[in-house]
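Spelled out, the chains give:
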Amino acid sequence: MPALAQRVEGDRAAAEGIYEAEVPVRSQSEEERQAGFARALAQVFAKRSGERSVVDRPGVVQELRRAADHVEGFDYRQDEGVSASGTPTFRTTLVVRFKPESVDALADALGLPEWPQPRPKPVVWLAIDDGNGPRLVGLQHNTVARPLLQRAIERGFRLGLPSGSAAEQAAAAAIWRGDTAAIARLSARYSPPMQLVGKLYRQEGGWKADWIFVDNGRVLSRWSETGADARRALATGADGAADALARRYAKATAPPDPVTQAVVFTGVRSSQDYLRLAAALQRMSVVRAIRPQRAAGDRLEAELDLLTGMEGFRRMLDGAVLLEVEGADALARPVFHLR
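Since we're looking at a predicted model, the values are computed, not measured.

Q: Looking at this structure, how should I read the overall build of the protein chain?
A: Within the protein chain one finds 10 helices and 14 strands. A compact globule built from 339 residues would reach a C-alpha radius of gyration of about 20 Å, whereas the protein chain, at 25 Å, exceeds it by more than 25%. Taking the principal axes of the C-alpha coordinates as reference, the protein chain spans close to 85 × 45 × 35 Å. Pairs at least 24 residues apart make up 65% of the contacts formed inside the protein chain by residues separated by at least 6 positions. Of the roughly 17,100 Å² of accessible surface on the protein chain, 50% is carried by carbon and sulfur atoms. Treating the 46 positive side-chain charges of the protein chain as one cloud and the 43 negative ones as another, the clouds have centres 3 Å apart.

Q: When you look at the sheet that holds strand β9 (residues 218–227) in this model, what are you seeing that I'm missing?
A: Note: strands within a sheet are paired through backbone hydrogen bonds, in either parallel or antiparallel orientation. Pairing is mixed across the open sheet formed by 5 strands, whose spatial order is β6-β5-β7-β8-β9. Two strands in the sheet have a free side with no partner beyond their single neighbour: β6 (135–136) and β9. As paired strands, strand β8 (residues 206–215) and β9 are joined by 9 bridges and run antiparallel to one another. Bridging across to β9, V214 finds its partner in V219.

Q: I keep staring at the packing of aromatic side chains and nothing clicks. Help me out?
A: Aromatic rings in a pair are described by how distant their centres are and how their planes are angled relative to each other. A complete count under the given rule lists 8 aromatic pairs for this structure. Ring geometry for F265 against F336: centres 6.3 Å apart, planes inclined by 35°, an arrangement best described as tilted. Separated by 71 residues along the polypeptide, F265 in strand β10 (residues 259–266) and F336 in strand β14 (residues 335–338) bring together distant segments of the chain. In this structure F265 comes out as buried when scored by relative accessible area, which is 1%. Note on F313 and F336: the rings are 5.3 Å apart at their centroids and 70° apart in plane angle, and the pair reads as edge-to-face. With a gap of 23 residues between them, F313 in helix α10 (residues 309–316) and F336 in strand β14 connect regions that are remote in the sequence. Members of the aromatic cluster, each reached through a chain of ring pairs, are F37, F74 and Y76.

Q: Mind showing me how you'd approach the pattern of salt bridges here?
A: In a structure, side chains of opposite charge can pair up when their charged atoms sit close to one another. What the rule picks out here adds up to 33 salt bridges. Here E114 ties to R48 by a salt bridge, and the two come within 3.8 Å at their closest N and O atoms. Here E114 is found in the loop between α3 (100–110) and β5 (123–129), whereas its partner R48 is found in helix α1 (residues 30–49), with 66 residues between them in sequence. By relative accessible area, which is 3% here, R48 ends up buried. Residue D79 pairs with R77 through a salt bridge whose shortest N-O separation is 2.7 Å. Each member of the pair, D79 as well as R77, carries the same accessibility label: buried. Each of R48, D104, D108, E114, E311 and R315 takes part in one network of salt bridges that share partners.

Q: Honestly, the sheet that holds β10 in this entry has me stumped. Any pointers?
A: Taking strand neighbours across the sheet as the criterion, the 5 strands line up as β11-β12-β10-β14-β13 in an open arrangement whose pairing is mixed. Here the strands that pair on one side only, and so sit at the sheet edges, are β11 (287–296) and β13 (322–325). Averaged over neighbouring strand pairs, the angle between their axes works out to 30° when direction is ignored. Each of β10, β11, β12 (299–306), β13 and β14 is contacted by helix α9 (residues 271–282), which is oriented at about 155° to β11, the strand it contacts most. This element, α10, spans β10, β11, β12, β13 and β14 of the sheet and lies at about 110° to β12.

Q: Is there a simple way to explain the layout of surface pockets in this structure?
A: If you roll a probe as big as a water molecule over the atoms, it shows you where there is empty space left. Of the volumes computed, that of the largest pocket is approximately 1,500 Å³. Lining the largest pocket are 41 residues, with E22, R91, P147, Q150 and E154 positioned closest to its centre. Here the lining of the largest pocket gets 6 residues from one element, more than from any other, and that element is helix α4 (residues 146–154). Here the second largest pocket defines a volume of roughly 360 Å³. A per-element tally of the lining of the second largest pocket places α3 first, with 3 residues.

Q: Just checking my understanding: could you explain unusual backbone geometry for this structure?
A: A negative phi holds for most residues other than glycine; trans holds for most peptide bonds. P118 follows Q117 through a cis peptide bond whose omega is -5°. Among the secondary structure elements, P118 is positioned in the loop between α3 and β5. Cis geometry marks the peptide bond from S191 to P192, where omega comes out at 5°. Within the fold, P192 resides in the loop between α7 (180–186) and β7 (194–203). At N216, a position not held by glycine, the phi torsion is positive, near 55°. Looking at the element boundaries, N216 is found in the loop between β8 and β9.

Q: Even after reading the chapter, I still don't get the pairing of β7, so can you show me in this structure?
A: Sheet faces and side chains relate simply in a regular strand, where the side chains alternate between the two faces. Counting buried residues along β7, 8 of its 10 residues qualify, which places the element largely inside the surrounding structure. Looking at chain direction, β5 and β7 are connected through 7 bridges and run parallel. Bridged to L126 within β7 is G198. Two elements, β7 and β8, share 10 bridges in a ladder whose sense is antiparallel. Residue pairing for β8: Q203 is matched across the bridge by G206. Linking β7 to β8, which pair antiparallel, is a turn of 2 residues; within it E204 sits at a positive phi near 50°.

Cut-offs and rules
Residues numbered from 1 in each chain as written. Predicted model: local features only at pLDDT ≥ 70, side-chain atom pairs only at ≥ 80, totals over all residues. Heavy atoms only, no water. Helix = DSSP H or I, 4+ residues; strand = E, 2+ residues; numbered from the N terminus. Rg over C-alpha atoms; globule rule 2.2 N^0.38 Å. Contact = heavy atoms within 4.5 Å. Areas by Shrake-Rupley, 256 points an atom, 1.4 Å probe, with all protein chains shown as cover. Lys, Arg positive; Asp, Glu negative; His and termini not counted. Charge placed at Lys NZ, Arg CZ, Asp CG, Glu CD. Pairing = 2+ DSSP bridges. Phe/Tyr/Trp six-rings, centres within 6.5 Å; stacked < 30°, edge-to-face > 60°. Buried < 20%, exposed > 50% of the residue type's maximum accessible area, 1.4 Å probe, protein only. Salt bridge = Lys/Arg side-chain N within 4 Å of Asp/Glu carboxyl O. Axes fitted to C-alpha atoms, helices over the stretch in contact; angles between N-to-C directions. 1 Å grid on protein atoms, 1.4 Å probe; cavity = no way out; pocket = protein on both sides within 12 Å on 5 of 7 lines; lining within 4 Å. Points joined across faces, edges and corners; volume = space filled by probe spheres on them.

Quick look at the structure:
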């Protein structure tokens, strides 16, 4: 059972690394917590891989239902805010910490890509025009950029802001005309040589954000977002930057095709044993199909369709149920004994 963390007064629960996540919940009930664990694990898979749509990969949704098996600990946080009408609002946030080695093994078994660490911290060159001309958002205005900075953390990396010196304040004009070369020169004092260049301005009763992501002088991506909520438009800057970084630096893997593997199971002496074996195999998301071939004594020969081959199968194997027997088959088929 995952542990609820003990906190001291003034200590605030928050997700920090890529194996931690926070999700809003309606209550602290067991049902809400289990659903929260699943959504938190989906976040961690996305942060680890760099893929926003990682949950669409084969086998992932099935494993999210067992997210609690990989939880190391959790905590709750009460967030207070203000509604559009000015009334106080309160939201409960579930903060979940997962076991890194467990998540890594699961992700490898599913064939998910990995965005290696340490990850770069690009500098955000953001100018906002609310009707009074573009102004640079520097370090002293970090609360303005909070939706952008927080979304980057949720995607598994961090963004930095320039100090906001007088010389840097003058960069708002370069940002507005999309002069990435001028911004790169101004950003030379910061490391790494990556810039997220953005401008946010009013348009047709709402807001529009235009973004450019630059890596070592090369434009990797351009995108725009419009909407009524300026905070949401800001957050899309982090999403676009994460997508560009993951495409360039993550160890990409194509969605795997199932591999058909002949396997032998021993210790299957009754229909109850077979049902127990079938249940164990069906719990493994890498097993896409089970086709019994022949049975003799306590020996069952079968074909398995495996999402990531025998490597993925062995990673997910429950040693309390199935034990691999070395060199037990003359045809070199893997043999597993049902305990």
